[in-house]
Each structure stands twice: as structure tokens, then as C-alpha cells.
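Here is what each chain is made of, one letter per residue.
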Amino acid sequence: MIRLEIAGAVARIVLDRPQKRNALSSQLLTELRTRLEDVAASDVRVVQLIGEGPVFCAGADTVEFADTPPELVRRRWTRLGQQVFRAVAELPQTTVAVLAGSAFGGGLELAMHCDFRVAADNVVLGLPEATLGTTPGWSGLGKISEIAGLAAARKLALTGRPIGAAEALRLGIVDVVAADVHSAADSLVRDVLDTAPGAQSILKRALASSAPADAASLIDSLAGGYLAASGETHSRRH
């Protein structure tokens, strides 16, 4: 259900379950965790996360656990999803969710754990859980609050109403909207590859840190010292 394609410094992780709109089953999540481990141990610098077919990801595969007691769902499925999504966020490489199709529920939560989101101009995004009597369970709501603010999180979660790409861009939920989403994503990848690998890794860690300002300043100083010592501070054209 997951394809891993590597070309030079770029890896493509493809959700390959289009007949089920790439719904997140336990098998798909387990395979995704394995592919993330493969990528983390590789020399690639950028990872694109892509959904095969017309939908990026329709969210959790609720059919799989339709007759399962809620506590068992929480222990197995919810915990597995949280572990896998955390692994996406903690990849040392820069990650780009390529939203050529719409993303709902867990699918949007998955995209929110990437560093960037590039969306086609016709996609729809949403957190419909409240309309189904449940809530987002894979830390995506916290990610939306962290990245786009509480107002965006409230709008999506409390209404369950989907939004279009233009509104998602305005709210800060996606970073780029384009008619040709793959070209736009490739352009972003080229920008990332034009930076120094060590700098990218350190900056990703620093930006993910919840340390106070003084600790962040210390990180900045240490990062500068490391890059100077490693010879990565040579002049670059921009």
C-alpha cells in the first residue's frame, strides 16, 4: 500500500491505495512506518509524500474497526497512527506533502506533520470528525493550531466544514497553491536542495523545538559554530 521511490537526493513516498481513496488502515500505517525508517536511514535530503489517484487521503479507514470496542481502537489504531505521524515529523529530511487531491480527517492530519504542504488549486481540505461524533486523534489538530493558529483550528474542527485551497492558503494551512501542483512541489524541492544539508537539519530541529527564546539563541550559536567547523559556510549565490 506504500511505494518508495528514490531518485538522487529526493524520495517519494506514495500512498498507493487509490481504490479506497488511500484510507489509513492499520496495514497502510505499518507499511508507512517501515518506509519512513528506510528513508531516515538513507542519504536523501527531501521527501515528498504523495497520494496515488484523485484523492490524497480520505482519512482513517473506519470500516476496519467498525465492530471493535473503542478502548481497543484507542490502544491499537490510534496509538499506531500517533507513532507513525510522529515519525513523519521527526524525519531528519525536509518533507513536502503534495496535495494533488483532497485530504480529510487523518489525511489532513498526516499532511500537517510534514514541513511543507503544496496544494492543487481545486483541492478541498477538512476535519469532518465532529460531524461523525468523534474528534481528530492523530495530533493533527495540535499541528494546525501550532502552524496556522487557533482560529484556523476552530474553523476546521468545530464546524467540520471543508475549505478550498485558496482559503487554506489564507489561513496558513498550506504553503503553496498552484494549478500544476507537481511542478510547484518540484520547484520547492529545488530551493531546499540549494541549501547546505547540515544547515537544513539543524534548522529543522531548531524550528521544531519548544525551547524558550534564550535556549533558541543558544541553538543558533551552536549551529553557527558547527557549520563553520564543518566547512558548510562557504559563499552561495541566491
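Let me begin by describing the structure that accompanies this report. Here the structure is a predicted model, which is why all the values come from computation and not from measurement. (Residues numbered from 1 in each chain as written. Predicted model: local features only at pLDDT ≥ 70, side-chain atom pairs only at ≥ 80, totals over all residues. Heavy atoms only, no water.)

Here the largest pocket is characterised by a volume of approximately 830 Å³. Looking at the largest pocket, it is lined by 29 residues, and the ones nearest its centre are Ala 89, Asp 115, Lys 204, Leu 207 and Ala 208. Per element, the largest residue contribution to the lining of the largest pocket is seven residues, and it comes from helix 8 (residues 197-208). A per-class count over the lining of the largest pocket returns 13 nonpolar, seven polar and nine charged. Viewed by domain, the lining of the largest pocket spans two of them, domain 1 (2-194) and domain 2 (197-230), each represented by three or more residues. (1 Å grid on protein atoms, 1.4 Å probe; cavity = no way out; pocket = protein on both sides within 12 Å on 5 of 7 lines; lining within 4 Å. Points joined across faces, edges and corners; volume = space filled by probe spheres on them. Helix = DSSP H or I, 4+ residues; strand = E, 2+ residues; numbered from the N terminus. Nonpolar A, V, L, I, M, F, W, Y, C, P; charged D, E, K, R; others polar. Domains from an automatic or database assignment.)

As a further point, take the packing of helix 4 (residues 140-148) against helix 5 (residues 150-159). For the pair helix 4 and helix 5, the least separation of the axes is 7 Å and the interaxial angle reads 140 degrees. Relative to helix 5, the element helix 4 lies oblique. Contacts between helix 4 and helix 5 involve Leu 141, Ile 144, Ser 145 and Ala 148 from the first element and Leu 150, Ala 152, Ala 153, Leu 156 and Ala 157 from the second. The residue makeup of the contact of helix 4 with helix 5, split by class, is eight nonpolar, one polar and no charged. (Axes fitted to C-alpha atoms, helices over the stretch in contact; angles between N-to-C directions. Parallel < 35°, antiparallel > 145°, perpendicular 65-115°, else oblique. Contact = heavy atoms within 4.5 Å.)

Turning next to the side chain of Arg 17. Turning to its location among the elements, Arg 17 is positioned in the loop between strand 2 (10-15) and helix 1 (26-40). What makes Arg 17 buried here is its relative accessible area of 9%. Polar contacts involving the side chain of Arg 17 include one to the main-chain carbonyl oxygen of Ala 23, which spans 3.0 Å. Of the polar contacts made by the side chain of Arg 17, one reaches the side chain of Asp 61; its length is 2.9 Å. (Buried < 20%, exposed > 50% of the residue type's maximum accessible area, 1.4 Å probe, protein only. Polar contact = N/O pair within 3.5 Å; in protein donor to acceptor, adjacent residues only side chain to side chain.)

Turning our eyes to something else, we now look at the pattern of salt bridges. If you walk through the whole model with that rule in mind, you get 11 salt bridges. Three or more residues joined by partner-sharing salt bridges are found here, namely Arg 3, Glu 5, Arg 12, Asp 16 and Glu 52. (Salt bridge = Lys/Arg side-chain N within 4 Å of Asp/Glu carboxyl O.)

In this description, an aromatic ring pair is defined by two values, namely the gap between the centres and the angle between the planes. Using the criterion set out here, one finds one aromatic pair in the structure. A centroid spacing of 5.3 Å and a plane angle of 65 degrees characterise the contact between Phe 85 and Trp 138, whose relative ring orientation is edge-to-face. Of this pair, Phe 85 sits in helix 2 (residues 70-89) while Trp 138 sits in the loop between strand 8 (124-126) and helix 4, and the two are 53 residues apart along the sequence. Pair check on accessibility: Phe 85 and Trp 138 agree, each one buried. (Phe/Tyr/Trp six-rings, centres within 6.5 Å; stacked < 30°, edge-to-face > 60°.)

The next point concerns the pairing of strand 3 (residues 46-51). Extensive coverage of strand 3 is indicated by the burial of six of its six residues. Side chains Val 46, Gln 48 and Ile 50 of strand 3 all project onto a buried face; the interleaved residues Val 47, Leu 49 and Gly 51 project onto the opposite face, where all are buried too. Both strand 2 and strand 3 contribute to a ladder of six bridges, which runs parallel. Across the sheet, residue Arg 12 finds its bridge partner in strand 3, namely Gln 48. Between strand 2 and its parallel partner strand 3, the chain crosses via helix 1, and the hand of that crossover is right-handed. Two strands pair when backbone bridges link them, and strand 3 and strand 5 (residues 94-99) are joined in this way by five bridges, in the parallel orientation. Paired with Val 47 across the bridge in strand 5 is Thr 95. (Pairing = 2+ DSSP bridges. Right-handed = clockwise from strand over helix to strand, strands pointing away.)

It is worth spelling out the sheet that holds strand 1 (residues 2-7) at this point. With respect to topology, six strands assemble into an open sheet ordered 1-2-3-5-7-10, the strand pairing being mixed. Two strands close off the open sheet at either side, each with one partner strand: strand 1 and strand 10 (176-178). Averaged over all pairs of adjacent strands, the angle between their axes in this sheet comes to 20 degrees, without regard to strand direction. The sheet contact formed by strand 7 (residues 116-120) and strand 10 spans three bridges and is parallel. Paired with Ala 119 across the two strands is Val 177, which belongs to strand 10.

Turning next to the nonpolar core. Core analysis: the biggest nonpolar cluster contains 60 residues, and Ile 13, Leu 29, Leu 99, Leu 108, Leu 125, Ile 144 and Ile 173 have the highest contact counts within it. Looking at which element gives the most residues to this core, the answer is helix 7 (residues 181-193), with six residues. Discounting residues that sit within four places of it in the chain, Leu 125 has contacts with Leu 99, Ala 103, Phe 104, Leu 108, Leu 156, Pro 162, Ile 163, Ala 168, Ile 173 and Val 174. (Core = buried A, V, L, I, M, F, W, Y, C linked by side-chain atoms within 4.5 Å.)

Treat this as a map of the structure, not an account of what it does.
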